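The residues making up each chain are set out below.
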Amino acid sequence: HLDLARALNGSQNPAEALQELNVALSKASHNKADVYVEMAKAHSALNQIPLAVSAYDQALAAEPGRIELIERKAQLLRSKGQLVEAEQAFLAYLE
């Protein structure tokens, strides 16, 4: 399901990708952080920024050591003009 969701995200079908990702979350065979990253991408593509940010937070909770997730979250917030929130996301990691 995760590979299919990645393909759907890549082919501009984020709504369908989210359906597959919800199934992937229910299966123990997938890395939850990777599933949440794809969810963040899909929500971002649908301009559902709060849901995308939440998905990045869930990915970070699953794998706190993945620095690139903090960067992606901050970049997403910055790209939407949420500069204070982007800075806070990065500073929270540094603490």
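Scroll up a little and you will see the structure.
A brief report on the enclosed structure follows. In this text the structure is predicted, and so the values were computed from the model without any measurement.

### As for the overall build of the protein chain
Move 1: Of regular secondary structure, the protein chain possesses six helices and zero strands.
Move 2: If you list the helices and strands of the protein chain from N to C, you get α-α-α-α-α-α.
Move 3: Taking 12 Å as the expected radius of gyration for a compact globule of 95 residues, we find that the protein chain reaches 13 Å, a close match to that expectation.
Move 4: Each principal axis of the C-alpha atoms in the protein chain carries an extent, and together these give about 35 × 25 × 15 Å.
Move 5: Among the 95 residues that make up the protein chain, the fraction classed as buried is 39%.
Move 6: Taking the intrachain contacts of the protein chain between residues at least 6 apart in sequence as the baseline, contacts between residues at least 24 apart amount to 41%.
Move 7: Of the roughly 5,500 Å² of accessible surface on the protein chain, 52% is carried by carbon and sulfur atoms.
Move 8: For the protein chain, the separation between the mean place of its 9 positive charges and that of its 12 negative charges on side chains is 3 Å.

### Focus on the nonpolar core
Move 1: Counting residues in hydrophobic clusters, the biggest one holds 29 residues, and the most contacted among them are L21, V35, M39, A59 and L76.
Move 2: Excluding anything up to four places from it in sequence, A59 contacts A33, Y36, V37 and L69.

Quick notes on the rules
Residues numbered from 1 in each chain as written. Predicted model: local features only at pLDDT ≥ 70, side-chain atom pairs only at ≥ 80, totals over all residues. Heavy atoms only, no water. Helix = DSSP H or I, 4+ residues; strand = E, 2+ residues; numbered from the N terminus. Rg over C-alpha atoms; globule rule 2.2 N^0.38 Å. Buried < 20%, exposed > 50% of the residue type's maximum accessible area, 1.4 Å probe, protein only. Contact = heavy atoms within 4.5 Å. Areas by Shrake-Rupley, 256 points an atom, 1.4 Å probe, with all protein chains shown as cover. Lys, Arg positive; Asp, Glu negative; His and termini not counted. Charge placed at Lys NZ, Arg CZ, Asp CG, Glu CD. Core = buried A, V, L, I, M, F, W, Y, C linked by side-chain atoms within 4.5 Å.

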